[in-house]
Amino acid sequence: MNMSNFFIIKLLMLFSIIQVHAQVVKATVVDNETNESIPYAIITMSANKGVSADGDGYFEIELPSDIKTIDSLKIVSIGYKDFKIALKDISNITSNIKLEREAITMDEVIISNTSYSLEEIIEKVSENTLTNYDLDFSKKKLFFRQHDSNKINKLNIEFKKSTIPEINQDFVNEELNQIPRTSAFYTEVFADWYQGTKNNKLDILKAVKFYDTYSNNYLDVFNTKLEEILNRNFKKDSYFKIKSGFFSIKTDGKEMFSKDGELLDMRNEVSKKEEVNENFFFTNTKKVINNVFSEIFYSDDSSLNFIKKHNRYDFELIDIIEYKDNLVYQINFFPNGGEDFKGSFYVNTTDFSILRIDYQNVARLRNIKLLGLSYQELGRKGTIIFEKGNNEKYQLKFIEQIQEDKYGIDRPLKIIEKNKNVRGRRKQNEISSEVDFISTVVRNFQIIIYDNQELLESQFNNQLENKKEQPKNWIKYYPGYWKDIPQGNNFSTNVIDIKTF
């Protein structure tokens, strides 16, 4: 046996040993009744070892080589009973792990010497807001996730005129038929959030973003095809006018062609500009987190103003129940006028703090149509959960907001190539069409608070924001990316293990 074969055999032996000792569990978390996947469940093995399932409920987690009898795997998700299995029995796990829905248990009505009317309960909630909640300077360690699902409802392009033979109605129809009608986009961020009284600060520690893979394959092929056509027909020193109805944009041909005369890949150029502008990701992330936080009921601009403007709502006391070891009033609210949301909230019977809010809109929120452009905010719903901290004040622990929007374009679109260096007419080529496009986007925002620390105003003022952290770009979701993020009790027990009413 020569040395090269001996070396290969040794490598294979080593690889087989690694495979035995580094067992990886791969499974999908599903609802035991509907068999539908449960997205974003948290899978933990210890206080510092855990992963998050992806949007389809799939996860992978590597088991330790020295499994102890007491070691176990735990899966938790809002609205479901905890799933727990000993690591020594891990071989019994199939490809699907089924979670049971958490059923709400109504306790008997509590009889007390003190009886409050519904109006008095609402009034006390309002009076105690400033003292019950932690509204001062603080540092919150949080995990933020945004998942956008896009569906193209309609996409028609009708050609009116084209001086480029290759770009015609048949070409466009062929390309439109290849465009997938659904797509997804994810952003996940682990960060420190510094809460102030007038403004907030963000320090991104780790982040990732990715699109699903459909666009890479299709757009690469389409881009290559389009570049070849335009390079054959457009002049490098031309400029272009893009017209849509009354609007017109002029762009230099140099912006469309590289130095060697090839048409630039506009997708790559946008990506490069984003990388050069190191604040782009930071600014956008901070804006979204600010918007989500602004929906908390005690915020000045919150649409959930059922406490601040309680005279605009009707209330219904459902019962007194037990919730997370607290006796709470379960109250429904409905707008009696032009307000947007209805829902339920749960008020501690002792200090009149709101522990949880579940809400949804009662009518379409916005409907804007202007010059062939349309936007409809079809729906918004969410959940907000609070928990008492060490300073005896209540702090935000979890917030989810789901928003569905519809966008439309029904306008003419004209692209005209002009060149002032050519004798005769400057106009070289023209493509004229009618665009009819409708798309629905569902955005899911989630924020989980791991830790909350009080700050002095001077500490807040001296804190700098990290604007340079750039996200990792993926083409496939990798749950193990977050395995080094602490998954301790503040996360798995106090946040995720919460009943859905």
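Residues numbered from 1 in each chain as written. Predicted model: local features only at pLDDT ≥ 70, side-chain atom pairs only at ≥ 80, totals over all residues. Heavy atoms only, no water.

### Thoughts on the overall build of the chain
So the rule is basically this: Secondary structure elements are taken from DSSP: a helix is a run of H or I of four residues or more, a strand is a run of E of two residues or more, and numbering for both begins at the N terminus. Two residues form a contact once any of their heavy atoms are found within 4.5 Å. Computed with the Shrake-Rupley method and a 1.4 Å probe, the accessible areas treat only the protein chains shown as cover for residues.
Each helix and strand counted, the chain has 9 helices and 21 strands in total. Looking at the chain alone, contacts between residues at least 24 apart form 66% of all its contacts between residues at least 6 apart. In the form shown here, the chain has an accessible surface area of approximately 27,500 Å², with 49% of it arising from carbon and sulfur atoms.

### Quick notes on the sheet that holds strand β7 (residues 96-99)
Where we set the bar: Two strands are said to pair when DSSP picks up at least two bridges between them. Axis definition: a line fitted to C-alpha atoms, over the contacting stretch in the case of helices. Angles run 0 to 180 degrees between N-to-C directions.
Taken in spatial order, the 3 strands make up an open sheet running β4-β1-β7, and their pairing is mixed. The open sheet has two free edges, formed respectively by β4 (58-62) and β7, since each of these has just one partner strand. Here the strands of the sheet are splayed against their neighbours by 35° on average, with no regard to which way each runs. Bridge count between strand β1 (residues 24-31) and β4: 5 bridges; the pairing is antiparallel. Within β4, the residue paired with Val-24 across the bridge is Glu-62.

### Description of a nonpolar patch on the surface
Defined as follows: Patch definition: residues with relative accessible area over 30% and no salt bridge; like charges joined within 9 Å; nonpolar side chains (Val, Leu, Ile, Met, Phe, Trp, Tyr) joined within 5 Å. Salt bridges are defined by distance alone: a side-chain nitrogen of Lys or Arg within 4 Å of a carboxyl oxygen of Asp or Glu.
Together, Ile-242, Leu-413 and Ile-415 line one region of the surface with nonpolar side chains, adding up to about 190 Å² of accessible area. Note that Leu-413 resides in strand β19 (residues 394-418).

### Let's talk about helix α7 (residues 279-293)
Put simply, the test is: Expected span of a helix, by definition, is 1.5 Å for each gap between consecutive residues, and there is one gap fewer than residues. Summary of the burial criterion: residues with accessible area below 20% of their type's maximum are buried, those above 50% are exposed, and those between are partly exposed, where the area comes from a 1.4 Å probe applied to protein chains only. Think of the arc as the fan of directions from the helix axis to the C-beta atoms.
Between its first and last C-alpha, α7 extends 21 Å over 15 residues, near the 21 Å set by a 1.5 Å rise per residue. Taken together, the buried positions of α7 are occupied by Phe-281, Phe-282, Thr-285, Lys-286, Val-288, Ile-289, Val-292 and Phe-293. Here the buried residues of α7 occupy an arc of 165° about the axis, which is enough to place them on one side.

### Thoughts on the side chain of Asp-148
Here is the rule we go by: As used in this structure description, the phrase polar contact means that two N or O atoms lie within 3.5 Å; if the pair is within protein, one of them must be able to donate a hydrogen and the other to accept it, and residues adjacent in sequence are counted only when both atoms belong to side chains.
Within the element layout of this structure, Asp-148 appears in strand β8 (residues 138-162). Among the residues examined, Asp-148 registers a relative accessible area of 12% and is labelled buried. Side-chain polar atoms of Asp-148 contact the side chain of Gln-146, separated by 3.0 Å.

### Considerations on the environment of Gly-338
Position of Gly-338 relative to the elements: it lies in the loop between β14 (326-335) and β15 (341-348). For the pair formed by Gly-338 and Arg-312, sequence separation is 26 residues and the distance between their alpha carbons is 8.1 Å.

### Thoughts on the pairing of strand β20 (residues 427-454)
Bridge count for β8 against β20 is 23 bridges, and the pairing is antiparallel. Across the sheet, Lys-154 pairs through a bridge with Ile-438, a residue of β20. Of the pairings in the sheet, the one linking β19 to β20 comprises 21 bridges and is antiparallel in character. Opposite Asp-405, over in β20, you have Val-441 as the bridge partner.

### Details of the pattern of salt bridges
Summed over all chains, the structure comprises 23 salt bridges. For Asp-300, the salt bridge identified is with Lys-308, shortest N-O distance 3.9 Å. In this structure, Glu-430 and Lys-427 form a salt bridge, with 2.2 Å as the shortest nitrogen-oxygen distance. Since its relative accessible area comes to 6%, Glu-430 is described here as buried. Since its relative accessible area comes to 28%, Lys-427 is described here as partly exposed. Each of Lys-161, Lys-414, Lys-427 and Glu-430 takes part in one network of salt bridges that share partners.

### Considerations on the nonpolar core
As a reminder, the rule being used: By nonpolar core is meant a set of buried Ala, Val, Leu, Ile, Met, Phe, Trp, Tyr and Cys residues that side-chain atoms within 4.5 Å join together.
Counting 55 residues, the largest nonpolar core has Phe-297, Phe-306, Phe-345, Ile-354 and Phe-386 as the members making the most contacts within it. If we skip the residues at most four places from it in the chain, Phe-297 touches Thr-129, Tyr-133, Ser-302, Leu-304, Phe-306, Ile-307, Lys-308, Ile-354, Ile-357 and Phe-386. With 19 residues, the next largest nonpolar core counts Ala-27, Met-45, Ile-61 and Ile-97 among its residues.

### Digging into the environment of Lys-236
Mapping Lys-236 onto the fold places it in the loop between α5 (214-233) and β11 (239-244). The sequence separation of Lys-236 and Asn-419 amounts to 183 residues, and the corresponding C-alpha distance is 9.3 Å.

### A look at the packing of aromatic side chains
Our working rule: Classification of ring pairs rests on two measures: the distance between centres of Phe, Tyr or Trp rings, Trp counted by its six-membered ring, which must be within 6.5 Å, and the angle between planes, read as stacked under 30 degrees, edge-to-face over 60 and tilted in between. Put simply, a charge is over a ring when the Lys NZ or the Arg CZ is close to the ring centre, within 6 Å, and near the line of the ring normal, within 35 degrees.
Going through the model one piece at a time under the given rule, you end up with 22 aromatic pairs. Seen from their ring centres, Tyr-298 and Phe-386 are 6.2 Å apart, and the 45° between their planes marks the pair as tilted. Within this pair, whereas Tyr-298 is found in the loop between α7 and β13 (313-323), its partner Phe-386 is found in strand β18 (residues 373-388), the two being separated by 88 residues in sequence. Taking the relative accessible area as the measure of exposure, Phe-386 reaches 4% and is therefore buried. Between Phe-306 and Phe-345, the aromatic rings sit 4.9 Å apart at their centres with planes inclined by 35°, giving tilted as the arrangement. Within this pair, whereas Phe-306 is found in the loop between α7 and β13, its partner Phe-345 is found in strand β15, the two being separated by 39 residues in sequence. Here Phe-306 and Phe-345 have matching classes, each one buried. One aromatic cluster in this structure is built from Tyr-133, Phe-297, Tyr-298, Phe-306, Tyr-313, Phe-315, Phe-333, Phe-345, Phe-386 and Tyr-394. Of note, Lys-201 hangs over the ring of Phe-460, and the distance from its end group to the ring centre comes to 4.9 Å.

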